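Listed below, chain by chain, are the residues.
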Amino acid sequence: MKLLRIAGIKLALDENEEQLSQKAAAILVVSPSNIANCRIIKKAIDARRNKPPHFVYVVQLTVADDFPVPRDLPEGIQVRELEDQLPEPLFTGIFKPALPVVVAGSGPAGLFAAYVLAARGLPVVLLERGTAIEKRTKDVQAFWGKGILNPASNVLFGEGGAGTFSDGKLTSRSKNPYSFWVKKILVEMGAPQAILTDAKPHVGTDQLTKVVINLRNKLASMGCAIRFEAQITDFIVRQGRLAAVIVNEKEEIKTEQLVLAIGQSADDTYRKLQVSGVKMEAKPFAMGLRVEHPQELINSLQYGKWSGHPHLPPAEYFVTAAIPALNRSVYTFCMCPGGEVIGCSAFPGYVLTNGMSKSLRNGKFANSAIVVNVRVDDFALRGELLAGLEFRARWEKKAFEAGGSNYCAPVQRLTDFLEKKAADSAGPTSFRPGTKPAALDDVLPLFVAGALRAGIYEFNRKMPGFVTAEAQLIGVETRTSSPVRICRKGDGQSETVRGLYPCGEGSGYAGGIISSAMDGIKAAENLIANLA
Ligand SMILES: Cc1cc2nc3c(=O)[nH]c(=O)nc-3n(C[C@H](O)[C@H](O)[C@H](O)COP(=O)(O)OP(=O)(O)OC[C@H]3O[C@@H](n4cnc5c(N)ncnc54)[C@H](O)[C@@H]3O)c2cc1C
């Protein structure tokens, strides 16, 4: 039998997926009995304005070996013969080092690096500075509910990493074939099957926490030792090679191999890496605000008269604007339909925002970051490596103060921000523990505020109705990507410390759940190749 993939099959909102194999047969000009094993590979929604929204599918099926693919295909349809199965990491045994391999950080990068290393039979110790999910969830609720911050256990630090309390969007622009394998493992750990086929897959916080617990148990069953509240506080480097790590300032763990998957928020660890001689460089990132609209409004802007159709999911958007006069670009980032804007402080005295949603995405608000690109020369004129950390901390501190110094966030009606109108009231938001009306110009660099205004007017041109007094802006959004890169060589090791494998978002080479997980896998494979 031969395997075919057909892309571009459309279904109207009221058609059902059982019709896909008939449509596939019609495209191939055969009777449905000549095709077998028809299954969905990808499902996307096409909701471009002024046309009825509809679904677009990629399906895979088998036909007889001598089946000739028709040359004349309907417009928008592509048919491709598949030769290879998707690649997966290799899991055969290898040479084992005498000392354990240490993985620092239990975010997507650390968890997937540990998975590949443990599955190859290596002795792995996974160290996580934060707490296990069960305790972490309580700490995060105390923060959102009462503004009580636990610096050791919060939205950024703890089991599962920064993405645990998130929308769990699993989109990635990377063509890396391991992205499917990562999603397959997540499904084995309890994520919904639909993430394997949805063009814009998402899991939701409620499901993610269960997936992370199952992944923890799976790692433990493969022999990986997992330790929570175990922060690497120092690195022992001898003659350019890693010799040990210090945990919680007292315990030494001898190791010559460390997968460093610490995320982008461990400012203290970045500083230790600097004094340990690990080569790093400043890198560009982006910052801005979160915007929140009523979800129904976004549905009607995106779906028009079809808004409210039971087969349509809560609408999303992605808008960009180039601002040549200011030499900046402005774009929406990490949009969460039916979600909540959340406080993400990890260290005391700072306010920073992000977004999350539950699996059903049935909240009454839609939120998204709106960010402006920040160049290295905006914060590191003399090339200071870690100046980006200080830069973002400065604005997060201003947001803390503008919010009332109690972890409430500063908020301003979108229309008041555009008109530079100070107002002592704003509309409702989902943000907990609360918000305080403020002039958001005070919590942003001048160039960011200016570019945001120009960008938001442009968004409204592209998506009329985006500017409304019903929308609120909440500040500040700073964690789009790391402002630091930990320089690595072609074989995955740090440029200056052998045995150190920086990966994931904190290395500056990845961003987002899927790309960080894939970068963790790459780090593990590099480590294994170098050991061999
Ligand atoms: C609220 C929120 C929502 C998000 N939503 C999405 C989304 O929907 N989709 C998406 O793709 N991305 C999302 N992201 C981004 C995504 O979470 C990150 O890109 C991803 O988690 C990065 O993975 P990582 O493993 O590199 O680092 P992290 O997930 O940050 O994990 C790093 C871990 O290392 C630990 N650590 C740090 N320092 C040390 C140390 N010295 N010793 C031991 N452990 C240490 C930390 O406690 C942390 O648990 C979101 C982020 C946030 C904050």
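Quick notes on the rules
Residues numbered from 1 in each chain as written. Predicted model: local features only at pLDDT ≥ 70, side-chain atom pairs only at ≥ 80, totals over all residues. Heavy atoms only, no water. Helix = DSSP H or I, 4+ residues; strand = E, 2+ residues; numbered from the N terminus. Rg over C-alpha atoms; globule rule 2.2 N^0.38 Å. Buried < 20%, exposed > 50% of the residue type's maximum accessible area, 1.4 Å probe, protein only. Contact = heavy atoms within 4.5 Å. Areas by Shrake-Rupley, 256 points an atom, 1.4 Å probe, with all protein chains shown as cover. Lys, Arg positive; Asp, Glu negative; His and termini not counted. Charge placed at Lys NZ, Arg CZ, Asp CG, Glu CD. Core = buried A, V, L, I, M, F, W, Y, C linked by side-chain atoms within 4.5 Å. Axes fitted to C-alpha atoms, helices over the stretch in contact; angles between N-to-C directions. Left-handed = near helix turned anticlockwise from the far one by under 90°. Nonpolar A, V, L, I, M, F, W, Y, C, P; charged D, E, K, R; others polar. Domains from an automatic or database assignment. Buried area = accessible area lost by both parts, 1.4 Å probe. Salt bridge = Lys/Arg side-chain N within 4 Å of Asp/Glu carboxyl O. Polar contact = N/O pair within 3.5 Å; in protein donor to acceptor, adjacent residues only side chain to side chain. Phe/Tyr/Trp six-rings, centres within 6.5 Å; stacked < 30°, edge-to-face > 60°. Lys NZ or Arg CZ within 6 Å of the ring centre and 35° of its normal. Pairing = 2+ DSSP bridges. Near = heavy atom within 4 Å.

## Observations regarding the overall build of the chain
Phase 1 of the analysis: Within the chain, the secondary structure is distributed over 12 helices and 23 strands.
Phase 2 of the analysis: The C-alpha atoms of the chain give a radius of gyration of 24 Å, which matches the 24 Å a tight globule of 532 residues would have.
Phase 3 of the analysis: For the chain, the spread of C-alpha atoms along the three principal axes comes to 70 × 65 × 45 Å.
Phase 4 of the analysis: Expressed as a percentage of the 532 residues in the chain, the buried residues total 55%.
Phase 5 of the analysis: For the chain, long-range pairs separated by at least 24 residues make up 73% of all intrachain contacts whose partners lie at least 6 apart in sequence.
Phase 6 of the analysis: If you sum the accessible surface of the chain, you get close to 22500 Å²; carbon and sulfur atoms cover 52% of it.
Phase 7 of the analysis: When the 63 positive and 53 negative side-chain charges of the chain are each reduced to one mean point, those points stand 2 Å apart.

## A look at the nonpolar core
Phase 1 of the analysis: Ile-6, Leu-258, Phe-417 and Leu-444 are the most contacted members of the largest nonpolar core, which has 111 residues in total.
Phase 2 of the analysis: The leading source of residues in this core is helix H9 (residues 387–402), at seven residues.
Phase 3 of the analysis: In this structure Leu-258 touches Val-102, Val-103, Ala-104, Ile-232, Phe-235, Leu-242, Val-245, Gly-499, Leu-500 and Tyr-501, once residues within four positions along its chain are discounted.
Phase 4 of the analysis: Core analysis: the next-biggest nonpolar cluster, separate from the first, contains 45 residues, Val-101, Val-116, Leu-170 and Ala-517 among them.

## Some remarks on unusual backbone geometry
Phase 1 of the analysis: In this model, Arg-432 is joined to Pro-433 through a cis peptide bond whose omega is 10°.
Phase 2 of the analysis: Mapped onto the elements of the fold, Pro-433 is located in the loop between helix H10 (414–418) and strand E20 (435–437).
Phase 3 of the analysis: For the bond running from Gly-475 to Val-476, omega is -10°, close enough to zero to count as cis.
Phase 4 of the analysis: Its identity is not glycine, yet Glu-249 carries a phi of approximately 65°, on the positive side.
Phase 5 of the analysis: Considering the arrangement of structural elements, one finds Glu-249 in the loop between strand E9 (241–247) and strand E10 (251–254).

## Structural notes on the packing of helix H2 (residues 108–119) against helix H12 (residues 513–531)
Phase 1 of the analysis: Contact geometry of H2 with H12 gives a least axis separation of 7 Å together with a crossing angle of 35°. For H2 against H12, the interelement crossing comes out right-handed. Facing Pro-108, Ala-109, Phe-112, Ala-113, Val-116 and Leu-117 of H2, the residues of H12 in contact are Ile-513, Ser-516, Ala-517, Gly-520, Ile-521, Ala-524, Glu-525, Leu-527 and Ile-528.
Phase 2 of the analysis: Of the residues belonging to the contact of H2 with H12, the class tally is 12 nonpolar, two polar and one charged.

## Quick look at the domain arrangement of the chain
Accessible area lost during the coming together of the parts is what is often quoted as the interface size.
Phase 1 of the analysis: Under the domain assignment used here, the chain contains domain 1 (2–82), domain 2 (101–281 + 482–531) and domain 3 (285–477).
Phase 2 of the analysis: The C-alpha-based centres of domain 1 and domain 3 are spaced at 39 Å.
Phase 3 of the analysis: If you look at the interface, domain 1 gives nine residues, while domain 3 gives 11 residues.
Phase 4 of the analysis: Summing the contributions of domain 1 and of domain 3, the shared interface buries around 810 Å²; its carbon and sulfur component is 62%.
Phase 5 of the analysis: Three residues stand out in domain 1 for area buried against domain 3, namely Leu-13, Arg-49 and Pro-53, and they jointly supply 57% of the buried area on that side.
Phase 6 of the analysis: Here domain 1 is connected to domain 3 by zero salt bridges.
Phase 7 of the analysis: For the pair domain 1 and domain 3, the number of links is two residue pairs in polar contact (both at pLDDT 80 or more).
Phase 8 of the analysis: Taken together, the residues of the side of domain 1 that touches domain 3 break down into six nonpolar, no polar and three charged.

## Here we look at the environment of Leu-500
Phase 1 of the analysis: Topologically, Leu-500 is positioned in strand E23 (residues 500–502).
Phase 2 of the analysis: The class of Leu-500 is buried, set by a relative accessible area of 1%.
Phase 3 of the analysis: When neighbours within four sequence positions are excluded, Leu-500 is seen to be in contact with Leu-258, Leu-260, Val-278, Gly-492, Gln-493 and Ser-494.

## Some points on the packing of aromatic side chains
Phase 1 of the analysis: A complete count under the given rule lists 12 aromatic pairs for this structure.
Phase 2 of the analysis: With 6.4 Å between their ring centres and 70° between their planes, Phe-391 and Trp-395 make a pair best called edge-to-face. Of this pair, Phe-391 and Trp-395 both sit in helix H9, four residues apart, roughly one helical turn.
Phase 3 of the analysis: Judged by relative accessible area, Trp-395 falls into the buried class, the value being 10%.
Phase 4 of the analysis: Clustering of aromatic rings is evident, with ring pairs tying together Phe-285, Phe-379, Phe-391 and Trp-395.
Phase 5 of the analysis: Between the NZ or CZ atom of Lys-397 and the centre of the ring of Tyr-350, over which it lies, the distance is 4.8 Å.

## Let's talk about the sheet that holds strand E1 (residues 2–12)
Phase 1 of the analysis: Reading across from one edge, E2-E3-E1-E4 is the order of the four strands in this open sheet, with antiparallel pairing throughout. Edge positions in the sheet fall to strand E2 (36–46) and strand E4 (78–82), since each has one partner strand and no second. Within the sheet, the average angular offset between the axes of one strand and its neighbour, ignoring direction, is 25°.
Phase 2 of the analysis: The strands touched by helix H1 (residues 20–28) within the sheet are E1, E2, strand E3 (54–63) and E4, with E1 carrying the most contacts at an inclination of about 115°.

## Focus on the site of the ligand
Phase 1 of the analysis: Around the ligand, the structure places 38 residues, and the nearest of them are Glu-128, Ala-162, Glu-505, Gly-512 and Ile-513.
Phase 2 of the analysis: Contacts to the ligand include Glu-128, whose side-chain N or O atom sits 2.6 Å from an oxygen atom.
Phase 3 of the analysis: A distance of 3.2 Å separates an oxygen atom of the ligand from a polar atom in the backbone of Gly-168.
Phase 4 of the analysis: In the complex, 95% of the free accessible area of the ligand, which totals 1000 Å², lies under the protein chains.

## A look at the sheet that holds strand E11 (residues 257–260)
Phase 1 of the analysis: Strand order in the open sheet formed by five strands is E7-E6-E5-E11-E23, with parallel pairing between adjacent strands. Each having just a single partner strand, strand E7 (225–227) and E23 make up the two edges of the open sheet. Here the strands of the sheet are splayed against their neighbours by 15° on average, with no regard to which way each runs.
Phase 2 of the analysis: Relative to strand E6 (residues 124–127), strand E5 (residues 101–104) is paired through four bridges, and the arrangement is parallel. Counterpart to Val-103 in the pairing with E6 is Leu-126.

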